[in-house]
Protein chains: 2
Amino acid sequence: MSDTGRIRYAVGVDFGGTFIKMALVNEQGVIEARSRKATSEAGTQEGWLDAVEAGVTEMLKERALSKSDLSGIGVGVPGFVDFERGFIFDLTNVPGWKAVTLGPRLEERFGVHSRVDNDVNAMAVGECTFGAGRVYQHAVFVTLGTGVGGALLINNRLYRGACSMAGEIGHMSIELDGIKSPQGLGGLEQYIGNRRLVERAVSLLKSGRKSSLRELAGGDFNAITPELISRAAEQGDELSIEIFDFMAKCLASAFASVTYLLQPQAIIVGGGVAQSGAVLFDPLRKHLKERLSPVFFERLEIKSAALGNDAGVIGAATLAMIE
Amino acid sequence: MSDTGRIRYAVGVDFGGTFIKMALVNEQGVIEARSRKATSEAGTQEGWLDAVEAGVTEMLKERALSKSDLSGIGVGVPGFVDFERGFIFDLTNVPGWKAVTLGPRLEERFGVHSRVDNDVNAMAVGECTFGAGRVYQHAVFVTLGTGVGGALLINNRLYRGACSMAGEIGHMSIELDGIKSPQGLGGLEQYIGNRRLVERAVSLLKSGRKSSLRELAGGDFNAITPELISRAAEQGDELSIEIFDFMAKCLASAFASVTYLLQPQAIIVGGGVAQSGAVLFDPLRKHLKERLSPVFFERLEIKSAALGNDAGVIGAATLAMIE
């Protein structure tokens, strides 16, 4: 609570390529109201600010609150950001957002403290303040999806590196002469990004391997997704279990390196595939045990993220509360 | 200078397997006196404390100073340490130093503030305060030798991780199914530790490859050292250049991972082999450029350590000054 004893709220905005998701979040990290707008409808930057203002007004009205109850507004965006200046360099998959000083414009529009950060950083701050990482001072947050994102919590603060670019776990190399990409050789993401998992499954299926994935996908290889592979693995499908075991091995290699370097108390794994549960986490712990000496392995927790689909908005609101 | 305007000094002790090296270091990080005792002659823990006390007395006398001019005493030891308690778990290569609470015993004996840390951490603090890293807030320090050690400077402080074990760059994995060791699979040290470099050279020589190393070693393979390979490489020996190129590639792979994860401003490379200069640093920068996207590569400095053989004593003294 604030000094006056009144509960204060922050607005969290998860700026995605498809939706602008908003939430009114209280000081305990609990969502009290939600709003959502289509990113395409917002159009220009001014249109986007209008859409966010409309969402904020709706949410405040729903809880019979006014602007003076807000302590801040935080935004998580899919791209590179200069956090200090609230400046967006460029957004992946959202045209028209190159070199935008969003922070000051938010403060002008809403009259409250604002924070703009990369969406993975926002999620990490949310998870580490109100989710799976709230008991740790040093934690590493990883999201598994199209890409593999990451963020570092050091001494209870997000560590951003020399130029706000730290945490790119997806580009850590796991193979000396590995798969080439614009980011280098052998980057983790090149082995376990969503597309790679699906490619691996399709290639094994095409080689004639037996698998229940064929039926689950209705015979259509284009219908195969990481979620489908996860479901098949849960049902005991050998090919799918093999794919998750390979993914776990690659992740374990990077996690072992992260642990030897940083010795975090925990690595928190979020994103779509992380919701697979034991199918991913059991082989992950097995491989990690093989790849860490006992003194390191025993002092490390591997945890699934706790905030699920709300991690983005809660995290963005948290940024405005604590940063 | 201290509040009274008088220059204060710290004693740095580099506790090696062969020598106890000591130095009286002033507030600018400059060595004003030195002393050295044989580790074997010191014998017991009490004998070691006596030897250090004798060294300190000699150094103070040499500069016409008294104990009251000392602000502290720092010790760098070759092993695992609980920094907070000044507690040594165990020392590699020095028998009789298991579970020793050295910090309080130093304070009792010398009546000044004391700090005990791992020798690589001590060197890193020295390099980052008075050496190659003094202009950086975020830097990674790496030593190349029998093993590959490391330490992290984050926000101008040594970052020690959850249980004082962070910085083990030598155990970071560079190969998914790589060389096995008690620390896991594919650990950097298993590819570029001193012994590995020599093994690689000997194996190539035995396979019949031409090389000036044969003559430099006087035909005796046991005389081959990393320094000799470095000298041969400088003189243009192809086999030796190849070995350094491989070393640089392995290092670059780990450095790229470190950079994507932490984005330090600089990586500072010390230890015997780092004194090879261009023979190591030219291919290292070349490989690193291939393994980092330009936005990361351009914002990273790769530097040779500046304090050389004095890094240990200056670093230990620095610990006592700033920690």
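None of the values given here were measured: they were computed from a predicted structure.

Cut-offs and rules
Residues numbered from 1 in each chain as written. Chains lettered and ligands numbered in written order. Predicted model: local features only at pLDDT ≥ 70, side-chain atom pairs only at ≥ 80, totals over all residues. Helix = DSSP H or I, 4+ residues; strand = E, 2+ residues; numbered from the N terminus. Rg over C-alpha atoms; globule rule 2.2 N^0.38 Å. Buried ≥ 20, exposed ≤ 12 C-beta atoms within 10 Å, placed from the backbone. pLDDT = per-residue confidence, 0-100. Contact = placed C-beta atoms within 7 Å. Pairing = 2+ DSSP bridges. Axes fitted to C-alpha atoms, helices over the stretch in contact; angles between N-to-C directions. Least-squares fit on C-alpha atoms with pLDDT ≥ 70 in both. Core = buried A, V, L, I, M, F, W, Y, C linked by C-beta atoms within 7 Å. Arc of directions from axis to C-beta. Parallel < 35°, antiparallel > 145°, perpendicular 65-115°, else oblique. Left-handed = near helix turned anticlockwise from the far one by under 90°.

Engineer: Explain the overall build of chain A here, please?
Structural biologist: For chain A, the helix and strand inventory stands at twelve helices and 15 strands. For 323 residues, the compact-globule estimate of 2.2 N^0.38 gives 20 Å, and chain A sits close to it at 21 Å. Seen through its C-alpha atoms, chain A measures out along the principal axes to roughly 60 × 45 × 35 Å. Burial status across chain A gives 52% buried among its 323 residues.

Engineer: For this particular structure, what's the right way to read the confidence of the model for chain A?
Structural biologist: Fine structural detail should not be taken from predicted coordinates in areas where pLDDT scores are low. Of all residues in chain A, 98% have pLDDT values of 70 or greater, and the mean over the chain is 94. Model confidence for the complex is summarised by a pTM of 0.93, with the ipTM given as 0.92.

Engineer: Even after reading the chapter, I still don't get the environment of Asp117 of chain B, so can you show me in this structure?
Structural biologist: Residue and element names in this part refer to chain B. Here Asp117 shows up in strand β8 (residues 113-118). Asp117 sits in the buried class, given 29 other C-beta atoms within 10 Å. On a C-alpha basis, the gap between Asp117 and Ala316 in space is 7.8 Å, while along the polypeptide they are 199 residues apart. Those residues in contact with Asp117 that sit more than four places away from it in its chain are Gly76, Val81, Phe83, Ala122 and Leu319.

Engineer: Mind showing me how you'd approach the sheet that holds strand β9 (residues 139-144) of chain B here?
Structural biologist: Backbone-to-backbone hydrogen bonds join strands into a sheet, with any given pair of strands oriented parallel or antiparallel. Residues and elements named next belong to chain B. One open sheet holds the five strands; their spatial order is β11-β10-β9-β14-β15, and the pairing between them is mixed. Whereas interior strands pair on both sides, the edge strands pair on one side only; in this sheet they are β11 (157-159) and β15 (301-304). This sheet shows a mean twist of 25 degrees between the axes of neighbouring strands, independent of strand direction. Pairing geometry for strand β10 (residues 148-154) and β11, over three bridges, is antiparallel. Of the residues in β11, the one forming a bridge with Leu153 is Leu158.

Engineer: Help me out: how do you make sense of the relation of the copies chain B and chain A in this one?
Structural biologist: Both copies of the chain are related through a single rotation about an axis accompanied by a shift along the same axis. Overlaying chain B on chain A yields an RMSD of 0.1 Å, the required transformation being a rotation through 180 degrees with an accompanying axial translation of 0.0 Å. Such a combination of turn and shift is consistent with a two-fold rotation axis. The C-alpha atom lying nearest the rotation axis in chain B is that of Glu175 of chain B; the distance is 2.3 Å. Mapped onto chain A, 100% of the interface residues of chain B are again interface residues, and the two copies thus contact each other with one and the same surface.

Engineer: Mind showing me how you'd approach the nonpolar core here?
Structural biologist: Taken as a class, soluble globular proteins show a tendency for nonpolar side chains to be buried jointly. Counting residues in hydrophobic clusters, the biggest one holds 202 residues, and the most contacted among them are Phe141 and Ala317 of chain A together with Phe141 and Ala317 of chain B. Ignoring sequence-local partners within four residues, the contact set of Phe141 of chain B consists of Met123, Ala124, Glu127, Cys128, Gly133, Gly150, Ala151, Leu153, Ile268 and Gly270 of chain B.

Engineer: Can you help me understand helix α3 (residues 102-110) of chain A in this one?
Structural biologist: Every α-helix carries 3.6 residues per turn, so stepping three or four residues along brings you back to the same face. Residue and element names in this part refer to chain A. Of all the residues in α3, the buried ones are Leu102, Gly103 and Leu106. Down the axis of α3, the buried set is contained in an arc of 100 degrees. They therefore lie on one face. Just downstream of α3 lies Gly111, where phi reads positive at about 65 degrees.

Engineer: What should I look at first to understand unusual backbone geometry in this one?
Structural biologist: Negative phi is the rule for most residues except glycine; trans is the rule for most peptide bonds. All names here are of chain B. One non-glycine residue, Asn156, lies in the positive phi region at around 70 degrees. For Asn156, a count of 12 C-beta atoms within 10 Å puts it in the exposed group. Positive phi, close to 60 degrees, is recorded for Ser164, a residue that is not glycine. Assessed through the 20 C-beta atoms surrounding it within 10 Å, Ser164 is described here as buried.

Engineer: Hey, could you run me through the interface of chain B and chain A in this one?
Structural biologist: How big an interface is tends to be stated in terms of the accessible area lost upon association of its parts. Between chain B and chain A, the contact holds 38 residues from the first and 38 residues from the second. Sorting the residues of the side of chain B that touches chain A by element identifies β13 (184-185) and α9 (238-262) of chain B as the ones contributing at least two each.

Engineer: Would you explain the packing of helix α8 (residues 226-234) of chain A against helix α9 (residues 238-262) of chain A in this entry?
Structural biologist: When two helices pack together, their arrangement is given by the angle between the helix axes and by the axis-to-axis distance. All names here are of chain A. Contact geometry of α8 with α9 gives a least axis separation of 7 Å together with a crossing angle of 115 degrees. Relative to α9, α8 is oriented roughly perpendicular. Crossing of α8 over α9 shows left-handed handedness. Between α8 and α9, the residues in contact are Ile229, Ala232 and Ala233 and Ser240, Ile241, Ile243 and Phe244, respectively.

Engineer: Could you clarify how one ought to interpret the pairing of β9 of chain B in this entry?
Structural biologist: Every regular strand shows the same layout, with side chains that alternate between the two sheet faces. Residue and element names in this part refer to chain B. Burial analysis of β9 places six of its six residues in the buried class, the great majority of the element. The side-chain alternation of β9 yields two buried faces, one formed by Ala139, Phe141 and Thr143 and the other by Val140, Val142 and Leu144. For β9 and β10, the ladder comprises six bridges, and the chain directions are antiparallel. In the sheet register, Phe141 faces β10, and the bridge partner there is Ala151. What sits between β9 and β10 in their antiparallel hairpin is a turn of three residues. One ladder, built from five bridges, connects β9 with strand β14 (residues 266-270); its direction is parallel. Among the inter-strand pairings, Val142 is bridged to a residue of β14, identified as Val269.

Engineer: Explain the sheet that holds strand β7 (residues 100-101) of chain B to me, please; I cannot follow it from the model alone.
Structural biologist: Residues and elements named next belong to chain B. Taken in spatial order, the three strands make up an open sheet running β5-β6-β7, and their pairing is antiparallel. With partners counted over all chains shown, the strands left at the sheet margins are β5 (79-82) and β7, one partner each. Both β5 and strand β6 (residues 87-91) contribute to a ladder of four bridges, which runs antiparallel. For Phe80, the partnering residue across the bridge sits in β6 and is Asp90.

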